[in-house]
Number of protein chains: 2
Amino acid sequence: MNIGEIARRAGVSRSTVSYALSGKRSISPETRARIQAVIDELDYQPSATARALSSGHTHTLGLVFPPASSHYTDMQLDFIGSLVEAAAGFGYDVLMAASIGDGDKGLRRLVAERRVDGAVLMEIRLDDARVDYLSEAGFPFVTIGRTGRPEHTRWVDMDYTALVGSCVRHLAHLGHRRIAFVNRSERLFRAGYESAHRSLTGFENACEQQGVVGAAYLCGDDAASGEDAIGRILAADPATTALVTVNEAALGGLYRGLAAHGREVPLDFSVTGIALSRWATAVTPQLTAADVSAAEMGRAAVELLLELLATPDAPPRHVLLAPPVSLRASTGPAPESGN
Amino acid sequence: MNIGEIARRAGVSRSTVSYALSGKRSISPETRARIQAVIDELDYQPSATARALSSGHTHTLGLVFPPASSHYTDMQLDFIGSLVEAAAGFGYDVLMAASIGDGDKGLRRLVAERRVDGAVLMEIRLDDARVDYLSEAGFPFVTIGRTGRPEHTRWVDMDYTALVGSCVRHLAHLGHRRIAFVNRSERLFRAGYESAHRSLTGFENACEQQGVVGAAYLCGDDAASGEDAIGRILAADPATTALVTVNEAALGGLYRGLAAHGREVPLDFSVTGIALSRWATAVTPQLTAADVSAAEMGRAAVELLLELLATPDAPPRHVLLAPPVSLRASTGPAPESGN
DNA sequence: AGCTTCTGACGAACCGGTTCGACGCCGAGG
DNA sequence: CCTCGGCGTCGAACCGGTTCGTCAGAAGCT
């Protein structure tokens, strides 16, 4: 079922079949029809592997996970789905590269063995060795999130700084004066995970600007850690009346912790943050939050990467997303002090 | 940076380099060392594409989504992650095939263009055209879930019938006599999605066996639908005191609906079901549920598929998982009737 | 009619590996 | 001393496409 077989049955040469298929040279209508008939009859599809070898591109994009992560958040997983769909829309497949274990071995394989035409990197750190590696190797890539020096790379990111700032302002306008910030896990923060750092910056800046007292906490990416974080927050400052979080996995635990400490949302305590709308609407009361759109990020990432493959020398483009904060039921006026 | 370059620099033929790399023929220690030195110096990695073309296998597994689904559940997404990690552990990559649009075009491409050595099919229906197609084509595959005639295929599945049965028995032993079942969406059920059907069977059988009154409901895969389902359940039979669900995406809505109708969990109403432990622990009170393990399913699927690739004629193996029901805080004794 | 130009098809080389058959060399056995 | 066998290496063919150079024949021009 290879091209030679088609050529033989159609009574033409292999190259003629190839040209008929690609349209890169003109073929007489009769010949083309004869070839097409044979192709239809045998249900022939050219081998992707052979095509990749000779043409030099695989029509596949690589999606790279960080070495350390073995636990995926919903946001990441949604992003994967949307990336695959977006890529399929352009006729590209997506190859998942898990870099487990030592260093960036998985990435090296992807690049050095030339399995993909370009790569999408997730879970970017402010100082990311993978970005340096790909830049030096001249391998086309797009990052989800920015490094500390984002000028020369192509990326798609959420504007965490601005979004967390919006949340703080929202709370400040409601009269809250002592606000906690529940960040991602200590491990991720220590590793330099960019969204954790930019979120914190946004929190600190906004608190200062609004003249409110802010206290930032790290919190593991699970419900139990969220519950624990509430304990720490209220122990440190019982007068806290609101929190902002970027840790959607801990959200359920945060609510539970508040209930356990007798704080009713949103009467006694307001909660807001950044989350997938799926999570924001799953909790009771529903979360007032900036709804991140994994689908939008996936589409943008694919578009950026294909642009790069088509025109490698075009100046780098970036996409910075800042979805509006959806008002739901988890925030309200600050309780009157002294009550 | 190809094999010819290595051969030239090491002063040997290309085939010698190939044999040194694969170890399929003996090479003298000196020659081997010389070749290795050149390889190390140039950081040479053989092209995956060329290797695939000549060797006939791609060292890649395909992961196939159903055409209709554009919205992923957490369980599916977790499964993807674990599949990728499991495959990586065996040196395989995973290619994601989104079959958007018409029929099984995406699947055809995967198979006909020979992009992958074998495929994993998700979201299996009782009567699944993709399974028939792959079977006829003689293409190696493993399904997540079973079709209606599972004898001759290889699959990994949860024992939904048994698990839902366990949940019903648990409730019956607590004294509940009127139990509702919240299934997946009508669309999925109509499409013949196997877990929805097998769950229902398990529910009906167990109710009959336990002599309790069971009422089954379909429910969209989101929080709002869950809230709505509670309304329907209590309207149809206000005396209902417990529910079993396999719809984890609706879980938050179910809780909210119960609260809205003045039912306190677990005092007035017990909730149980099948869910990722991530979701089960995210709600308040935490859900008594059979914790599904996406990681275990991913690993099992890869193992089954690699077994099949290694020994195509071995009799088909299956893996049926039935995790125990974890007792948490969402179930309790039935409220005394008349109260 | 003679010359150029254009069209449509062919053959061969190439992409970068793997694998088979052959062959030279060296040591062991008769 | 000659033969046989095994080891180590080479050359060539092959996997299934793409693409370049070439060329025969038809069409266009003077």
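You'll find the structure just up there.
A quick note: this is a predicted structure, and the numbers were derived from the prediction, not measured.

Asker: What is the right way to read the environment of His318 of chain A from this model?
Answerer: Residue and element names in this part refer to chain A. Residue position: His318 is located in strand β11 (residues 318-321). Each C-alpha atom of the pair His318 and Leu276 lies 22 Å from the other, and the pair is 42 residues apart in sequence. In this structure, His318 is in contact with Pro150, Glu151, Thr153, Arg154, Trp155 and Leu304, ignoring residues within four places of it in sequence. Of the polar contacts made by the side chain of His318, one reaches the backbone oxygen of Thr153; its length is 3.3 Å. Of note is the side chain of His318, whose polar atom sits 3.2 Å from the side chain of Trp155.

Asker: It is not clear to me how the packing of helix α8 (residues 160-173) of chain A against helix α10 (residues 194-210) of chain A should be interpreted in this structure. Could you clarify?
Answerer: Geometry of a packed helix pair, given as the angle between the helix axes and the separation of the axes. Residues and elements named next belong to chain A. It is at 7 Å that the axes of α8 and α10 come closest, and there the two elements cross at 35°. The interaxial crossing formed by α8 with α10 has right-handed handedness. Within the contact between the two elements, α8 uses Tyr160, Thr161, Val164, Gly165, Val168, Arg169, Ala172 and His173 and α10 uses Ser195, Arg198, Ser199, Gly202, Phe203, Ala206, Cys207, Gln209 and Gln210. In the contact of α8 with α10, the residues fall into seven nonpolar, eight polar and two charged.

Asker: Before we go on, may I ask you to explain the protein's contact with DNA strand C in this structure?
Answerer: Around DNA strand C sit 28 residues in total, of which Thr16, Ser28 and Thr31 of chain A together with Ile3 and Arg25 of chain B are the nearest. Each atom of DNA strand C within 4 Å of the protein was assigned to sugar, phosphate or base; sugar and phosphate come to 52%. Contact distances for DNA strand C include 2.3 Å between a base oxygen and a side-chain N or O atom of Arg25 of chain B. One nitrogen or oxygen atom from the side chain of Arg51 of chain B is found 3.2 Å from a phosphate oxygen belonging to DNA strand C. Only α2 (14-22) and α4 (48-55) of chain A together with α2 (14-22) and α4 (48-55) of chain B provide two or more residues apiece to the surface near DNA strand C. Looking at side-chain class alone, the surface near DNA strand C contains nine nonpolar, 13 polar and six charged residues.

Asker: I would appreciate a short explanation of the relation of the copies chain A and chain B in the present structure.
Answerer: The operation relating the two chain copies consists of a rotation about an axis and a shift along that axis. Rotating chain A by 180° and moving it 0.1 Å along the rotation axis overlays it on chain B with an RMSD of 0.1 Å. The superposition of one copy onto the other is thereby described by a two-fold rotation axis. Judged by C-alpha distance, Leu95 of chain A is the residue of chain A that lies nearest the rotation axis, at 2.2 Å. Of the residues that chain A buries at the interface, 100% are likewise interface residues in chain B, meaning the two copies contact each other through the same surface.

Asker: How should the environment of Phe203 of chain A be read in this particular structure?
Answerer: Residues and elements named next belong to chain A. With respect to the element layout, Phe203 can be found in helix α10. A relative accessible area of 2% means that Phe203 is categorised as buried. In this structure the C-alpha to C-alpha distance between Phe203 and Thr73, which are 130 residues apart in sequence, comes to 22 Å. The residues contacting Phe203, other than those within four sequence positions of it, are Val164, Val168, Ile179, Ala180, Phe181, Gly214, Ala215 and Ala216.

Asker: It is not clear to me how the sheet that holds strand β6 (residues 178-182) of chain A should be interpreted in this structure. Could you clarify?
Answerer: Through backbone hydrogen bonds, the strands of a sheet pair up, either in parallel or in antiparallel fashion. All names here are of chain A. Spatially, β7-β6-β8-β9-β10-β12 is the arrangement adopted by the six strands of the open sheet, whose pairing is mixed. One side of each edge strand has no neighbouring strand; the edge strands of this open sheet are β7 (213-217) and β12 (325-326). Of the strand pairs in this sheet, β6 and strand β8 (residues 242-245) are connected by four bridges, and their pairing is parallel. Across the sheet, Phe181 pairs through a bridge with Val244, a residue of β8. Relative to β7, helix α11 (residues 223-236) is tilted by about 145°, and along the sheet it contacts β6, β7 and β8. On top of the sheet, helix α12 (residues 251-260) reaches β6, β8 and β9 (270-276); it is set at about 170° to β8, its chief contact.

Asker: Could you clarify how one ought to interpret the interface of chain A and chain B in this entry?
Answerer: When the parts come together, some accessible area is lost, and that loss is often what is quoted as the size of the interface. Each partner contributes to the interface: chain A provides 48 residues, whereas chain B provides 48 residues. Between chain A and chain B, a total of about 4400 Å² is buried, with carbon and sulfur atoms accounting for 55% of that surface. At the boundary of chain A with chain B, the tally comes to four salt bridges. Across the pair Asp93 of chain A and Arg115 of chain B runs a salt bridge, and its minimum N-O distance is 3.2 Å. Our enumeration of links across chain A and chain B arrives at 16 residue pairs in polar contact (both at pLDDT 80 or more). Secondary structure elements with two or more residues in the side of chain A that touches chain B: α4, α5 (74-89), β2 (93-97), α6 (105-112), α12 and α13 (277-280) of chain A. Residue contributions to the side of chain A that touches chain B peak at nine residues, all from α5 of chain A. Looking at side-chain class alone, the side of chain A that touches chain B contains 20 nonpolar, 16 polar and twelve charged residues.

Criteria and thresholds
Residues numbered from 1 in each chain as written. Chains lettered and ligands numbered in written order. Predicted model: local features only at pLDDT ≥ 70, side-chain atom pairs only at ≥ 80, totals over all residues. Heavy atoms only, no water. Helix = DSSP H or I, 4+ residues; strand = E, 2+ residues; numbered from the N terminus. Contact = heavy atoms within 4.5 Å. Polar contact = N/O pair within 3.5 Å; in protein donor to acceptor, adjacent residues only side chain to side chain. Axes fitted to C-alpha atoms, helices over the stretch in contact; angles between N-to-C directions. Left-handed = near helix turned anticlockwise from the far one by under 90°. Nonpolar A, V, L, I, M, F, W, Y, C, P; charged D, E, K, R; others polar. Near = heavy atom within 4 Å. Least-squares fit on C-alpha atoms with pLDDT ≥ 70 in both. Buried < 20%, exposed > 50% of the residue type's maximum accessible area, 1.4 Å probe, protein only. Pairing = 2+ DSSP bridges. Buried area = accessible area lost by both parts, 1.4 Å probe. Salt bridge = Lys/Arg side-chain N within 4 Å of Asp/Glu carboxyl O.

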